[in-house]
Amino acid sequence: MRKDNFNLMMLWFFISVYAFYCGFLSILKLVSFSYYDFDLAVHTLTLWNIIHGSIYNSILGIPFLGNHIQPILFFVAPLHAVFPHPQTLLLLQTLFLSLGAFPLYLIAKKRLDSDFALIVALGYLLYPGLAYTNLFEFHPTSFATFFLILCLYAYDFEKIKLFLFSLILAMLCQENIPMAVITLGIMASVEKKGFKWILIPIVLGVVYFIAALMLMGHFNQETVQFSSLYRHLGANLREVIFNPLVSLRFILRQESFSYLFQVFLPVLFIPFLALVKLFPAVPFFIQHLLSARPTDLSINYHYTAEIIPFVFFSAIYGLNRLLSIRFIQRHIFVLKSILVSFILFSALLYGPFFTESFRIKSDYHKDYLDLAKDQFIAKVPQSENVVATFEFLPKLANREKLYSLHHPYMGFYTLSNKKYLLPEDAKYALIDFNDGLTFRSFYRPDGYKNLQNIFLKYNWELIEMVDSLVMLKKTSQKQDFICSRVNLVQSDLNKEIIKVGDNFILIGSRFARLPGQEAVEATLYWKSIKETDSDISMFISITDSRGRILRKLMHPIGYRIFPTQSWKKGEVYKELLRIYIPGKYFKGDIIVMAGFYNYLKGDIIKLSIGNESYDLARIGSLPGDR
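We now turn to the structure provided with this report. Please read these numbers as outputs of a predicted model, since none were measured by experiment. (Residues numbered from 1 in each chain as written. Predicted model: local features only at pLDDT ≥ 70, side-chain atom pairs only at ≥ 80, totals over all residues. Heavy atoms only, no water.)

**Comments concerning the sheet that holds strand 9 (residues 498–500)**
Taken in spatial order, the 7 strands of this open sheet run 8-14-11-10-9-17-18, and their pairing is antiparallel. With one partner strand each, in any of the chains shown, strand 8 (483–486) and strand 18 (612–614) form the two edges of the open sheet. Across the sheet, the mean angle from the axis of one strand to that of its neighbour is 30 degrees, orientation sign disregarded. Summarising the sheet, strand 17 (residues 607–609) and strand 18 pair through 3 bridges and their orientation is antiparallel. Bridge assignment links Ser608 to a residue of strand 18, and that residue is Ser613. (Pairing = 2+ DSSP bridges. Helix = DSSP H or I, 4+ residues; strand = E, 2+ residues; numbered from the N terminus. Axes fitted to C-alpha atoms, helices over the stretch in contact; angles between N-to-C directions.)

**Remarks on the packing of helix 9 (residues 160–171) against helix 10 (residues 177–190)**
Closest axis-to-axis distance for the helix 9/helix 10 pair is 8 Å, and the angle between their directions is 150 degrees. In terms of orientation, helix 9 and helix 10 fall into the roughly antiparallel class. For the crossing formed where helix 9 meets helix 10, the hand is left-handed. Of the residues in helix 10, those touching helix 9 at Leu167, Ala170 and Met171 are Ile177, Pro178, Val181 and Leu184. For the contact of helix 9 with helix 10, the residue count by class is 7 nonpolar, no polar and no charged. (Parallel < 35°, antiparallel > 145°, perpendicular 65-115°, else oblique. Left-handed = near helix turned anticlockwise from the far one by under 90°. Contact = heavy atoms within 4.5 Å. Nonpolar A, V, L, I, M, F, W, Y, C, P; charged D, E, K, R; others polar.)

**Things to note about the pairing of strand 5 (residues 428–432)**
Counting buried positions along strand 5 yields 5 of 5 residues, so the element is predominantly enclosed. Across the two faces of strand 5 the burial is the same, with Tyr428, Leu430 and Asp432 and Ala429 and Ile431 all buried. As paired strands, strand 3 (residues 386–388) and strand 5 are joined by 3 bridges and run parallel to one another. Residue Val387 lies in a different strand from strand 5, and its bridge partner there is Ala429. Two elements, strand 5 and strand 7 (residues 469–475), share 5 bridges in a ladder whose sense is antiparallel. Opposite Leu430, over in strand 7, you have Met471 as the bridge partner. (Buried < 20%, exposed > 50% of the residue type's maximum accessible area, 1.4 Å probe, protein only.)

**Considerations on the pattern of salt bridges**
Going through the model one piece at a time under the given rule, you end up with 21 salt bridges. The salt bridge partner of Lys109 is Asp4, with a shortest N-O separation of 3.7 Å. Highlighted residues: Lys109 in helix 5 (residues 101–111) and Asp4 in helix 1 (residues 3–31), separated in sequence by 105 residues. Where Lys395 meets Asp374, a salt bridge forms, and the shortest distance between an N and an O atom there is 3.2 Å. Pair noted here: Lys395 is in helix 22 (residues 393–396) and Asp374 is in helix 21 (residues 368–378), with a separation of 21 residues, a long-range link. Residue classification places Asp374 among the partly exposed residues on the basis of a relative accessible area of 23%. Salt bridges sharing partners connect three or more residues here, namely Arg2, Asp4 and Lys109. (Salt bridge = Lys/Arg side-chain N within 4 Å of Asp/Glu carboxyl O.)

**Observations regarding the nonpolar core**
By size, the foremost hydrophobic cluster in this structure holds 107 residues, and its most contacted members are Tyr124, Phe285, Val311, Phe312 and Leu319. Looking at this core element by element, the count peaks at 12 residues for helix 8 (residues 141–157). Once residues within four sequence positions are removed from consideration, Leu319 is found in contact with Leu112, Phe116, Val120, Ile270, Leu335 and Leu339. In terms of nonpolar packing, the next biggest core, distinct from the first, is built from 61 residues, Ile454, Phe455, Leu576 and Ala594 among them. (Core = buried A, V, L, I, M, F, W, Y, C linked by side-chain atoms within 4.5 Å.)

**Quick look at the layout of surface pockets**
Its boundaries defined by the atoms lining it, the second largest pocket holds a volume of some 360 Å³. Put simply, the parts of the chain that give the lining of the second largest pocket at least two residues each are helix 7 (128–135) and helix 20 (353–359). Within the lining of the second largest pocket, the residues separate by chemical class into 9 nonpolar, 2 polar and 5 charged. (1 Å grid on protein atoms, 1.4 Å probe; cavity = no way out; pocket = protein on both sides within 12 Å on 5 of 7 lines; lining within 4 Å. Points joined across faces, edges and corners; volume = space filled by probe spheres on them.)

**Some thoughts on the environment of Ser58**
The residue Ser58 is located in the loop between strand 1 (56–57) and strand 2 (62–63) in this model. With 365 residues separating them along the chain, Ser58 and Pro423 place their C-alpha atoms 9.6 Å apart. A distance of 2.6 Å separates a polar atom in the side chain of Ser58 from the backbone nitrogen of Leu402. (Polar contact = N/O pair within 3.5 Å; in protein donor to acceptor, adjacent residues only side chain to side chain.)

**Some words on the sheet that holds strand 5**
Judged by pairing direction, the sheet is mixed, and its 5 strands sit side by side in the order 4-3-5-7-6 without closing on themselves. Strands at the two margins of the open sheet, each flanked by one partner only, are strand 4 (402–404) and strand 6 (459–466). Ignoring strand direction, the axes of neighbouring strands in this sheet form an average angle of 20 degrees.

**Considerations on helix 7**
Of all 8 residues that make up helix 7, 8 are buried, and the element is covered over most of its length. Here helix 7 has its buried residues at Pro128, Gly129, Leu130, Ala131, Tyr132, Thr133, Asn134 and Leu135. Directly after helix 7, the chain includes Glu137, whose backbone phi takes a positive value near 55 degrees.

**Structural notes on the environment of Val282**
Structurally, Val282 can be placed in helix 16 (residues 282–289). On the accessibility criterion, Val282 (33% relative accessible area) is partly exposed. A C-alpha to C-alpha distance of 8.4 Å links Val282 and Thr183, two positions 99 residues apart in sequence.

**Side note on the packing of helix 2 (residues 39–51) against helix 4 (residues 86–99)**
How two helices pack is summed up by the angle between their axes together with the distance between the axes. Their axes nearest at 9 Å, the elements helix 2 and helix 4 cross at an angle of 110 degrees. By the angle between their axes, helix 2 is roughly perpendicular relative to helix 4. In this structure, the crossing between helix 2 and helix 4 has a hand that is right-handed. Along the contact surface, helix 2 presents Leu40, His43, Thr44 and Leu47, while helix 4 presents Pro86, Leu89 and Leu90. Tallied by class, the residues present in the contact of helix 2 with helix 4 amount to 5 nonpolar, 2 polar and no charged.

In short, the description is geometric, and any link to function would need to be established separately.
Dropping the structure here:
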């Protein structure tokens, strides 16, 4: 078998392995509710609405073209109509990203040889930024990665029709892609390529960019304010232009150098030997380096999607320049060995490939909470509108209207100072009150007021509850809510069980095993004795009579609707919990222990029973099966 044929066969083997592995991981993440942001849900919802004749996106609160100009989704919609599932987008994303290795291989084979071409393709498939792009939600810019590589292939092989076709498709993926298209034309000018290679990308890029910005502004209506990411550089564009030192100092941050190091280390910084070929990526680097958003300077998200094609294109030409050196020519095997070593080293050090494999049996294994989420979702009619925390969103997105709870919790749209009110047509609420992104990344000390406006203004019926997961349905009838401020008349509850710091006491607790369920229902009564500005949460430890820990869980006191910093002296609060406990644990007695901590700082709050002080104290028990 000729070496070229063998290398081509190996290339498709590597592509297949990458596509299978990343596709497999993507599906596992979806099944186990391990997508923690809302991007996958946003685009799934967009496609469902496109299919049904609308471009409005209820999560964003605007037409999807007001958030990003991504008309490529109109071409994806027919496929989504046939396979209307979030996994369709995840697998399609994986397919396009994996196929980018083939045109890169052809470019490298033309400029180098098939061995180097295979190494370049392998470097692309193992590139940390590519894998993170693949595994972080879904984004149409992942299609741009492929189309830009195809565009560079057409540029290198002088296939003008393919060049034009891939340019247009790339620009349809996002409104910032035309900036790279324009710089492609400038690159062609520097390289003294034919007039059409210069004019076409510059004219197309400028026209499309202006049209995209106008269209985006029309649909956005100042709802999503991307300019807020750059306000630290100046109040307006004029200030930014006339104060370049502010931008320069911001670019020269340590975080910028760490980011660039991670981008270029996997290709041994070879792209710097062919800076002209890297030039089209400059607009993206400027965009990221000047942004105040930390994720823009991280390879762990999707923000390298537009950069990757130019990193590898310039790496190919950088290698070509290296191979013109006589010393390198005499030690080609050493160069190949170093390249492969750095590819593997970078994939191990920075990439998710190996770490993700360890998560398959832990994070991506469906547990009882995942099964409960599936049951909650199955009970929501597709015709009903829902508000939910992040992990629920992707599997709820095939409907007309879906809302993300972080918006009404913050009281503002994402990246915006525009106020947000949850529409009244939300009929169901599926909430994980321990959702880290909603209640930590978007945490607001006064966010509870917004939750009260949602859940106390209307009557909500409790449908299901497991640990921190709660499913509610809006109803016309008055219902006992999961938490409430109460006026106690029962004298037996006016006793101190435990005192939490100097701020409040537990004056009553009731525990009962739910018939036919692997769960214990707990009713807790809290009394405020001193106001505090601390948001105090509780951790619960379920033990057997010998003190062996059976289960641990965190519980936000008052379900973030009545957090401790909102309590007034003398007020009493009641809350309901349902704690999952497998039936096998009821063979013996069950002891419920509790400790308390400052949610923001993590400090343990001391408990007292009489004159004794504890970190953890017993708040209830249940007898085992007899």
